[in-house]
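The primary structure of each chain is shown beneath.
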Amino acid sequence: MSDDQRDQTPAEPAAQAPATAIPAGPEPEPIRYFGTTWVNHDGNYGLRRAAVAVGSLVTAFAAALLLRLAYEGLEIGNVGPFLSISVVVLFAVASSIAFAKTWDSFSRRPAPSSDEAALKGLKAIGFIGSLIAYFLRCLVEAPGEKLRRAEYERAVTEFARRRSARTGNPAARRPKRKK
């Protein structure tokens, strides 16, 4: 076969998986900024954790600086001590609630009928607390990793149990003897 003839022959189709491929087991749920690298701690998992921790801490400091400038604007505007103290207390309470709710969300999923939707505004005001919770959790693990790992391992165990229970054709089994 000459070179000209080889150039004109169609290429062999690459082996492709069928579009309706059934997964070989439960798939891990991805975590924001980490994807599924938390499962085996691969794919620069440690570097990602450090980057997310530093990013959330830097963002918290920048937000605190922004709030400090806003407070100084209130002082320059001479709004009075009541409003100045009220703003500080508002942000402190909102940040502490946002920290607690964010920290709690790393260890358990909210109930379907919970008041999480009602607290979105409060968590937005107290975003510094959420950023600090994110930073502290990144020092230990990816935020939400413990919860997702427990769910994933439970799903894998359940899948293996269901898989091992299905052996042979159930129609071909003999009926159980009565005692």
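Residues numbered from 1 in each chain as written. Predicted model: local features only at pLDDT ≥ 70, side-chain atom pairs only at ≥ 80, totals over all residues. Heavy atoms only, no water.

> What is the right way to look at the overall build of the protein in this model?
Within the protein, the regular secondary structure consists of six helices and zero strands. Counting from the amino terminus, the protein carries its helices and strands in the arrangement α-α-α-α-α-α. Once local pairs closer than 6 in sequence are excluded, the contacts in the protein between residues at least 24 apart make up 71%. Split by element, the accessible area of the protein, about 13,400 Å² in all, is 61% carbon and sulfur. (Helix = DSSP H or I, 4+ residues; strand = E, 2+ residues; numbered from the N terminus. Contact = heavy atoms within 4.5 Å. Areas by Shrake-Rupley, 256 points an atom, 1.4 Å probe, with all protein chains shown as cover.)

> Please clarify how unusual backbone geometry should be interpreted in this entry.
Backbone phi values are negative for most residues with the exception of glycine, while trans is the configuration of most peptide bonds. In this model, Tyr-33 sits at a positive phi of 75°, which is unusual for a non-glycine residue. Tracing the backbone shows Tyr-33 in the loop between α1 (3–8) and α2 (45–76). For His-41, which is not glycine, the phi torsion reads 55° and is therefore positive. Along the polypeptide, His-41 turns up in the loop between α1 and α2.

> How should I be thinking about the side chain of Ser-95 in this particular structure?
Structurally, the position occupied by Ser-95 is in helix α3 (residues 81–105). Among all residues touching Ser-95, those that are not within four sequence positions of it are Gly-126, Ile-128 and Gly-129.

> It is not clear to me how α3 should be interpreted in this structure. Could you clarify?
Owing to its 3.6 residues per turn, the α-helix brings residues three or four apart onto one side. Compared with an ideal rise of 1.5 Å per residue, which puts 25 residues at 36 Å, α3 spans 36 Å between its outermost C-alpha atoms and is within 8% of the ideal. Taken residue by residue, α3 has Ser-84, Ala-94, Ser-95, Ala-98 and Thr-102 as its buried positions. Where α3 is buried, its residues touch α2, α4 (120–125) and α5 (127–138). (Expected span 1.5 Å × (residues − 1). Buried < 20%, exposed > 50% of the residue type's maximum accessible area, 1.4 Å probe, protein only.)

> Whenever I open this one, a nonpolar patch on the surface confuses me. Can you help?
Taken together, the side chains of Trp-103, Ile-132, Leu-136, Leu-139 and Val-140 present a nonpolar region at the surface, about 430 Å² in accessible area. Position of Leu-139 relative to the elements: it lies in the loop between α5 and α6 (145–165). (Patch = residues over 30% accessible without salt bridge, like charges linked within 9 Å, V, L, I, M, F, W, Y side chains within 5 Å. Salt bridge = Lys/Arg side-chain N within 4 Å of Asp/Glu carboxyl O.)

> I'm lost on the confidence of the model for the protein in this one. Help?
Detailed reading of the predicted coordinates is not advisable wherever pLDDT is low. On average, residues of the protein carry a pLDDT of 84, and 80% of them reach 70 or more. No element of the protein has a lower mean pLDDT than α1, which averages 54, and none a higher one than α5, which averages 95. (pLDDT = per-residue confidence, 0-100.)

> What is the right way to read the layout of surface pockets from this model?
Size it by volume and the largest pocket reaches roughly 740 Å³. Lining the largest pocket are 28 residues, and of these Thr-102, Ser-105, Phe-106, Lys-123 and Tyr-134 sit closest to its centre. Sorting the residues of the lining of the largest pocket by element identifies α2, α3, α5 and α6 as the ones contributing at least two each. Residue classes in the lining of the largest pocket are distributed as 12 nonpolar, seven polar and nine charged. (1 Å grid on protein atoms, 1.4 Å probe; cavity = no way out; pocket = protein on both sides within 12 Å on 5 of 7 lines; lining within 4 Å. Points joined across faces, edges and corners; volume = space filled by probe spheres on them. Nonpolar A, V, L, I, M, F, W, Y, C, P; charged D, E, K, R; others polar.)

> What should I look at first to understand the packing of aromatic side chains in this one?
The geometry of an aromatic ring pair is captured by the separation of the ring centres together with the interplanar angle, meaning the angle of the planes. Scanning all chains against the criterion turns up five aromatic pairs. Consider the rings of Trp-38 and Tyr-152, whose centres lie 6.3 Å apart with planes at 85°: the pair is edge-to-face. In this pair, Trp-38 sits in the loop between α1 and α2 while Tyr-152 sits in helix α6, placing the two residues 114 residues apart along the sequence. For Trp-38, a relative accessible area of 0% corresponds to the buried category. The structure contains a cluster of three or more aromatic residues connected by ring pairs, namely Phe-99, Trp-103, Phe-106 and Tyr-134. Arg-137 extends its terminal NZ or CZ atom over the ring of Trp-103, reaching a point 4.7 Å from the ring centre. (Phe/Tyr/Trp six-rings, centres within 6.5 Å; stacked < 30°, edge-to-face > 60°. Lys NZ or Arg CZ within 6 Å of the ring centre and 35° of its normal.)

> Just to check I follow, could you spell out α5 for this structure?
Compared with the 16 Å implied by 1.5 Å per residue over 12 residues, the 17 Å span of α5 between its first and last C-alpha is a close match. Across the 12 residues of α5, nine count as buried, placing the element largely inside the fold. Inspection of α5 places Ile-128, Gly-129, Ser-130, Leu-131, Ala-133, Tyr-134, Phe-135, Arg-137 and Cys-138 among the buried residues, and these make up the whole buried set. On the buried face of α5, the contacting elements are α2, α3 and α4.

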